[in-house]
Amino acid sequence: MKKDSSFSEKKELKKATLILDKDFSIARVDERLYGSFIEQLGRAVYGGIYDPGNPRSDENGFRQDVIELVKKLNVPIVRYPGGNFVSGFNWEDSIGPREHRPTRLDLAWSTTETNQFGLHEFCAWSEKVGSKVMYAVNLGTRGMEAARNVVEYANHSGGSYWSDLRRKNGSEKPLGIKLWCLGNEMDGPWQIGQKTAYEYGRCANEAAKAMKWVDPSIEVVSCGSSAYDMPSFGAWELEMLDQCYENVDYVSLHRYYSNAANDTQNFLAKNMDMEAFIKTVVSLCDAAGGKKHSKKKLNLSFDEWNVWYHSQEQDKQIIKQNRWGQSLHLLEDVYNFEDALLVGGMLITLLRNSDRVKIACLAQLVNVIAPIMTSGNGCWAQTIYWPFLHASQYGRGMALRPVINSPLYNCTDFEDVPMLDATAVLGDEGSLTVFAVNRSIQNDIELTCDLRAFQSLKFKEHILLHHDDAKAINTEEAPNTVVPVVRQDCESQDGYFKVHIPALSWNVLKFSVGRSQT
Ligand code: AHR
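Residues numbered from 1 in each chain as written. Predicted model: local features only at pLDDT ≥ 70, side-chain atom pairs only at ≥ 80, totals over all residues. Heavy atoms only, no water.

Describe the overall build of the protein, with residues and values.
For the protein, the count of helices and strands is eleven helices and 26 strands. For 518 residues, the compact-globule estimate of 2.2 N^0.38 gives 24 Å, and the protein sits close to it at 23 Å. In terms of its C-alpha atoms, the protein occupies a principal-axis envelope of roughly 70 × 60 × 45 Å. For the protein, with 518 residues in total, the buried portion stands at 64%. Summarising the internal contacts of the protein: among those between residues at least 6 apart in sequence, 78% fall at separations of at least 24. Here the protein has roughly 19,800 Å² of accessible surface; of this, 50% comes from carbon and sulfur atoms. Treating the 56 positive side-chain charges of the protein as one cloud and the 66 negative ones as another, the clouds have centres 4 Å apart. (Helix = DSSP H or I, 4+ residues; strand = E, 2+ residues; numbered from the N terminus. Rg over C-alpha atoms; globule rule 2.2 N^0.38 Å. Buried < 20%, exposed > 50% of the residue type's maximum accessible area, 1.4 Å probe, protein only. Contact = heavy atoms within 4.5 Å. Areas by Shrake-Rupley, 256 points an atom, 1.4 Å probe, with all protein chains shown as cover. Lys, Arg positive; Asp, Glu negative; His and termini not counted. Charge placed at Lys NZ, Arg CZ, Asp CG, Glu CD.)

With reference to specific residues and values, describe the site of the ligand.
As a structural note, the neighbourhood of the ligand is formed by 13 residues, with E39, N84, E185, Y256 and E304 the closest of them. The separation between an oxygen atom of the ligand and a polar main-chain atom of N84 is 2.9 Å. In this structure, E304 approaches the ligand through a side-chain N or O atom, which is 2.6 Å from an oxygen atom. Isolated, the ligand exposes 290 Å² of accessible area, and the fraction of that covered by the protein chains is 95%. The cavity where the ligand resides is the largest pocket. (Near = heavy atom within 4 Å. Polar contact = N/O pair within 3.5 Å; in protein donor to acceptor, adjacent residues only side chain to side chain. 1 Å grid on protein atoms, 1.4 Å probe; cavity = no way out; pocket = protein on both sides within 12 Å on 5 of 7 lines; lining within 4 Å. Sits in = over half its atoms within 2 Å of the grid points.)

Describe the pairing of strand β24 (residues 490-493), and please don't skip the residues or the numbers.
Burial of the side chains of β24 is restricted to one face: C490 and S492 are buried, whereas none of E491 and Q493 on the reverse face is. In this sheet, strand β25 (residues 496-501) lies alongside β24 in antiparallel orientation, the contact comprising four bridges. Looking at the pairing, C490 lines up with V499 of β25. From the end of β24 to the start of β25, which pair antiparallel, there are two residues, and D494 there has a positive phi angle of about 50 degrees. (Pairing = 2+ DSSP bridges.)

I'd like a rundown of the packing of helix α1 (residues 64-73) against helix α11 (residues 385-394), residues and numbers included.
Running from N to C, α1 and α11 point in directions that differ by 50 degrees, and their axes come no closer than 8 Å. One element, α1, and the other, α11, form an angle in the oblique class. Mapping the contact onto sequence places L69, K72 and L73 in α1 and Y385, F388, L389, S392 and Q393 in α11. Its residues placed into classes, the contact of α1 with α11 shows five nonpolar, two polar and one charged. (Axes fitted to C-alpha atoms, helices over the stretch in contact; angles between N-to-C directions. Parallel < 35°, antiparallel > 145°, perpendicular 65-115°, else oblique. Nonpolar A, V, L, I, M, F, W, Y, C, P; charged D, E, K, R; others polar.)

Break down the sheet that holds β24 for me, with residues and values.
One open sheet holds the five strands; their spatial order is β16-β1-β21-β25-β24, and the pairing between them is mixed. Of all strands in the sheet, those with a lone pairing partner are β16 (403-405) and β24, marking the two edges. Pairs of neighbouring strands in the sheet enclose a mean axial angle of 20 degrees, with direction left out of account.

Quick rundown of the confidence of the model for the protein? Include the residues and the values.
For the protein, per-residue confidence averages 96 on the pLDDT scale, and 97% of positions sit at 70 or higher. Note that residues 1-8 has pLDDT below 50 and, in this model, 28 contacts with residues that lie over four places away or in other chains. (pLDDT = per-residue confidence, 0-100.)

Tell me about the domain arrangement of the protein, and name the residues and values.
Here the protein is partitioned into domain 1 (5-24 + 400-513) and domain 2 (30-394). The distance between the C-alpha centroids of domain 1 and domain 2 comes to 31 Å. Contacts between the two partners involve 43 residues from domain 1, matched on the other side by 36 residues from domain 2. Summed over both partners, the interface of domain 1 with domain 2 comes to about 3,200 Å²; 64% of that surface belongs to carbon and sulfur atoms. Considering only the surface of domain 1 that becomes buried against domain 2, F414, E476 and W506 emerge as the three largest contributors, covering 18% of it. (Domains from an automatic or database assignment. Buried area = accessible area lost by both parts, 1.4 Å probe.)

Now, about the layout of surface pockets: what can you tell me, with residues and values included?
Of the pockets and cavities examined, the largest pocket occupies roughly 470 Å³. Of all the elements, strand β10 (residues 250-257) adds the most residues to the lining of the largest pocket, at three residues. Each pocket or cavity is described by its volume, and for the second largest pocket that value is around 310 Å³. If you trace the second largest pocket, you find 14 residues lining it, with C123, E127, P174, L175 and G176 closest to the centre. When contributions to the lining of the second largest pocket are tallied by element, the ones reaching two or more residues are α2 (119-129) and β7 (132-137). Split by residue class, the lining of the second largest pocket holds six nonpolar, five polar and three charged. (Points joined across faces, edges and corners; volume = space filled by probe spheres on them.)

Help me get a handle on the packing of aromatic side chains, residues and values and all.
The full count for this structure, using the stated rule, is 25 aromatic pairs. Consider the rings of Y46 and Y50, whose centres lie 6.2 Å apart with planes at 70 degrees: the pair is edge-to-face. Three or more aromatic residues joined by ring pairs form one cluster here, namely Y46, Y50, F62, Y80, F117, F122, W125, Y135 and W180. The ring of F37 is capped by R79, whose NZ or CZ atom sits 4.7 Å from the centre of that ring. (Phe/Tyr/Trp six-rings, centres within 6.5 Å; stacked < 30°, edge-to-face > 60°. Lys NZ or Arg CZ within 6 Å of the ring centre and 35° of its normal.)

Outline the environment of V508, supporting the account with residue identities and numerical values.
Along the chain, V508 falls in strand β26 (residues 505-513). Placed 121 residues apart in sequence, V508 and P387 show a C-alpha to C-alpha distance of 8.8 Å. When near neighbours in sequence (up to four residues on either side) are disregarded, V508 contacts H390, Y394, T433, V434, F435, E461, H462 and I463.

Provide a residue-level description of helix α3 (residues 144-155), including the pertinent values.
Taking 1.5 Å of rise per residue, the twelve residues of α3 would be expected to cover 16 Å, and the 16 Å separating its terminal C-alpha atoms lies within 8% of that figure. Those residues of α3 lying buried are A146, A147, N149, V150, V151, E152, Y153, A154 and N155. Tucked into the core, α3 has its buried residues touching α2, β7, α4 (161-168), β8 (179-182) and α5 (197-214). (Expected span 1.5 Å × (residues − 1).)

Following this line, the structure appears as structure tokens:
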């Protein structure tokens with residue numbers, strides 16, 4: 001491979017190749033890889049998905065325009081109700097007649113929670129958007145008692161205190177929540193009720209046991225380190241899993257990236273850090289299992305991932321001026337075009353590791369570090385909406401590992417960064433989709449896909465997300481500044497397909513069954 005570390009050099013057309021075979025399989029993509037997250041925070045719920053009185057809302061107060069945008073993303077699971085919020089939350093506050101629900105201080109975000117939107121409302125909303133609920137229990141201020149009760153409330157058919165209360169509250173049928181998070185980021189000093197790895201591991205183990213005794217069909221996710229760069233990373237996973245390995249099903253990972261340094265080339269390589277993070281957590285899980293001579297293999301739940309930094313200064317001011325406020329404009333990152341490219345890169349990384357990453361949640365979904373933004377008058381898609389939509393739409397089936405030959409570059413934090421980052425998914429009906437990011441700020445790439453092994457594939461279309469300005473954004477006034485276009489720009493011959501990949505671009509190359517015309 002040729003190394004190219006000179007971005008000040010003149011613009012030139014680079015060449016890359018990608019070879020694929022249907023036998024280069026990684027794993028079947030678990031559809032939950034395209035999950036997302038709604039926290040009781042800022043305007044995610046109030047003024048986001050729930051806006052009673054707004055003419056765009058239905059009889060439940062659910063914003064219909066938001067539902068339409070969410071549905072297009074085809075999100076199979078949504079994590080709820082936190083996040084940091086969950087570590088001080090009493091789930092019982094969020095059920096029953098609204099007028100009896102208490103208003104509480106939320107210490108995680110220094111705001112006030114009225115509980116007017118709660119468990120039943122979230123389940124009803126999830127059904128409307130075609131998602132399943134991934135519900136987090138509070139292992140910060142609470143523990144196994146509250147955790148097993150909410151499982152009984154949600155999943156037991158009837159004839160017990162909590163299940164009969166659910167029926168009384170209007171849900172004769174169980175809510176059927178199959179995926180549960182055992183707390184949130186319990187290693188972090190910012191967490192209400194932070195624990196040591198030993199304390200958390202014991203607590204998670206006992207909670208998981210009791211929850212599964214109530215409903216053996218559920219799966220549970222234990223908290224891994226809240227970030228790769230936590231000082232206790234690694235030691236946390238090993239100690240925590242030493243306590244709960246046999247009773248949990250997944251370990252969580254969280255990661256957010258920033259371009260505060262305004263170094264685009266470095267920023268776009270950051271999914272290499274995500275890749276290393278995943279590989280290390282896989283090793284830690286296997287080491288923990290190995291030590292126990294366990295036959296069980298733990299998989300990963302990357303249940304918070306995104307770009308997050310644009311709103312951080314603004315948030316400090318908002319909290320300073322509106323401590324204990326409600327529906328504040330918190331964590332409202334306005335995403336630019338380069339953010340969409342890194343989100344595309346992160347999706348490629350998740351697919352590349354889909355043999356062990358079975359669940360992932362883009363954090364979050366509406367208003368709070370989100371692909372969808374709302375105002376009182378409507379809603380719009382941020383730049384990051386598009387790569388997520390494409391991956392969710394076309395990235396289902398068998399993940400394949402391409403052999404890629406790309407020019408490389410070096411940047412502040414990474415060496416040998418491939419200019420072209422790509423992966424592929426073989427759909428069940430034989431269609432093939434290649435997802436590719438050109439990380440170069442100035443060099444277009446002529447990409448040759450060697451698909452001879454597939455014999456009868458024809459090029460269908462090239463979906464391209466590109467903007468000349470890496471900082472371009474979508475706004476309420478100009479929602480279509482950064483949107484994908486469809487191109488028919490492929491030359492094909494004898495199973496080789498040549499496509500032009502512009503500098504700084506997200507690309508979806510779609511091939512379908514049938515012979516090319518050439
Ligand atoms: O998604 C925003 C916050 O980021 C979550 O509440 C927390 O889990 C993480 O630190």
